[in-house]
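# Understanding the architecture of this molecule
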Amino acid sequence: MPDRSATAIACANIAFIKYWGNRDARLRLPSNGSISMNLGGLFTRTRVTWAELRVTSNESQEQDSLVINNKPITGAGLSRVSTFLDEVRRMAGIKSRAEVVSENNFPSSAGIASSASAFAALALAASAAAGLELSQAELSRLARRGSGSACRSIPGGFVEWQAGTGDADSYAVSIAPPEHWPLADCVAVVSHAHKATGSTEGHALAATSPLQAARVADAPRRLDLCRRAILSRDFEAFAGIAELDSNLMHTVMMTSNPPLFYWQPATLTIMQAVREWRASGLPVCYTIDAGPNVHVITEAAEAERVAALLANMPGVQKVLAAQVGGAGAVQFLPSTKRVTVQACHPEGAFCATEGSQGQSEEILRRWKNTSGSE
Ligand code: PMV
């Protein structure tokens, strides 16, 4: 096979009904379904080239290469990507080695997990470059194999990942397009530190909490309430269910063995402030992933005001904001034929860092540079 390459982009996403725990860790089949929103403007762009050189038996991991944000990656990071690429090689019936070059347009310290956008973009680029023509459901299933939440970065807007009965029906679908409800996510970054326990390890601990079974049993009810709140654009109902779900996941984390405490004092201070702001009439609610940073969801019209309020809270290092993003998309194929337009609304994000105008300008400049043509 001649060298073939493709480039794809996919947005990060934030879950309102969280995925925590797997019923099959290898296939990343979740214990419960989840609902999220894509984060427009915060994306990973990945180019995959299937090289002429074939991998020899069991050596794929040494022969694939991976560069993330201009840094060559080896060890466990490369191994996880190679295992994922083995699945693409199997599906396409090829034995070629892959060169993967990937870049996030959001800083790694932004408090936004990059594994969702990264594996969604990798699934799109690797399959397109291998000549596979996959449906959106098949792409979502493939992305799920790299990182569970990545399956939700394939479709656009507001997205639901159905837990499914097995590999074939565990994928994400769009429940509403980005324009359905102009929400924004203002991420209050309270720590730049890398999390002590990553989500893959965390999922494996979920079942050790005596509260996980109750959380999972109640998930269909929460999914239903969240879906209805989004479809009817009912912010009060949405806020109640999103905060409950986040609290439930963190309660499971804190009661697993060993316990996982992701919050810092500033995390709780912000959670309490958000509830007070909502009581006084501002449409805001919080949700927190496997880290200390607080995602504050609001209506897009209030995003600048909310970002400014957050930037002035004690312990907040910066605030990054994003609006609802579109579907992941293959951008270019080797023929240089443009396949589809940017779907992630690269202009839909801004940085509100108190007293660091230069940094915001730098981030905006990078967005402009990464959103143009290659
Ligand atoms: O996709 P993973 O394995 O990184 O897990 C994501 C877990 C959470 O971000 C905490 C919740 C979610 O549903 O995104």
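A brief report on the enclosed structure follows.

Thresholds applied
- Residues numbered from 1 in each chain as written.
- Predicted model: local features only at pLDDT ≥ 70, side-chain atom pairs only at ≥ 80, totals over all residues.
- Helix = DSSP H or I, 4+ residues; strand = E, 2+ residues; numbered from the N terminus.
- Expected span 1.5 Å × (residues − 1).
- Buried ≥ 20, exposed ≤ 12 C-beta atoms within 10 Å, placed from the backbone.
- Arc of directions from axis to C-beta.
- Axes fitted to C-alpha atoms, helices over the stretch in contact; angles between N-to-C directions.
- Left-handed = near helix turned anticlockwise from the far one by under 90°.
- Contact = placed C-beta atoms within 7 Å.
- Nonpolar A, V, L, I, M, F, W, Y, C, P; charged D, E, K, R; others polar.
- Near = placed C-beta within 6 Å.
- Parallel < 35°, antiparallel > 145°, perpendicular 65-115°, else oblique.
- Pairing = 2+ DSSP bridges.

### What about helix H7 (residues 219-231)?
- Over its 13 residues, H7 extends 18 Å from the first C-alpha to the last, a length consistent with the 18 Å expected when each residue adds 1.5 Å.
- Three or more residues of H7 are buried, namely Ala-219, Arg-222, Leu-223, Cys-226, Ala-229 and Ile-230. Relative to the axis of H7, the buried residues are bounded by an arc of 135° and lie together on one face. Residues of H7 that are exposed and angled more than 90 degrees away from the buried face: Pro-220, Arg-221 and Asp-224.
- In the segment just after H7, Arg-233 is the residue with positive phi, at about 50°.

### So, unusual backbone geometry
- Geometrically, the link from Asn-257 to Pro-258 is a cis peptide bond, its omega value of 0° lying close to zero.
- Within the secondary structure, Pro-258 is located in the loop between helix H8 (235-254) and helix H9 (265-279).
- Look at Arg-28: it is not a glycine, yet its phi comes out positive at around 50°.
- Here Arg-28 lies in the loop between strand S2 (22-24) and strand S3 (29-30).
- Positive phi is not limited to glycine here, since Asn-70 has a value of about 70°.

### Brief notes about the packing of H7 against H8
- Two elements in contact, H7 and H8, have axes separated by 8 Å at closest approach and are oriented at 145°. Between H7 and H8 lies a crossing whose hand is left-handed. Residues Arg-222, Leu-225, Cys-226, Ala-229 and Ile-230 of H7 lie in contact with H8, whose contacting residues are Ala-237, Phe-238, Ile-241, Ala-242, Leu-244 and Asp-245.
- Partitioned by chemical class, the residues of the contact of H7 with H8 number nine nonpolar, no polar and two charged.

### A word on the site of the ligand
- Around the ligand sit 16 residues in total, of which Ala-15, Tyr-19, Gly-148, Ser-149 and Ser-199 are the nearest.
- Contributing elements (two or more residues each) for the shell around the ligand: helix H3 (115-129) and helix H5 (199-205).
- Among the residues forming the shell around the ligand, the class breakdown is six nonpolar, eight polar and two charged.

### Details of the packing of H3 against helix H4 (residues 136-146)
- The contact between H3 and H4 brings their axes to 8 Å, and the two run at 125°. Classed by the angle they form, the pair H3 and H4 counts as oblique. The way H3 lies across H4 gives a crossing that is right-handed. Counted together, Phe-119, Ala-120, Leu-122, Ala-123, Leu-124 and Ser-127 of H3 and Leu-139, Leu-142, Ala-143 and Gly-146 of H4 form the full contact between these two elements.
- A per-class count over the contact of H3 with H4 returns eight nonpolar, two polar and no charged.

### Considering the pairing of strand S12 (residues 294-299)
- Most of S12 is tucked away, with five of its six residues classed as buried.
- One ladder, built from six bridges, connects strand S10 (residues 183-189) with S12; its direction is antiparallel. When the bridges of S12 are listed, Ala-188 appears paired with Val-294.
- Taken together, the four bridges between strand S11 (residues 284-287) and S12 define a ladder with antiparallel strand orientation. Among the inter-strand pairings, Tyr-286 is bridged to a residue of S12, identified as Val-296.
- Linking two consecutive strands that pair antiparallel, namely S11 and S12, is a turn of six residues.

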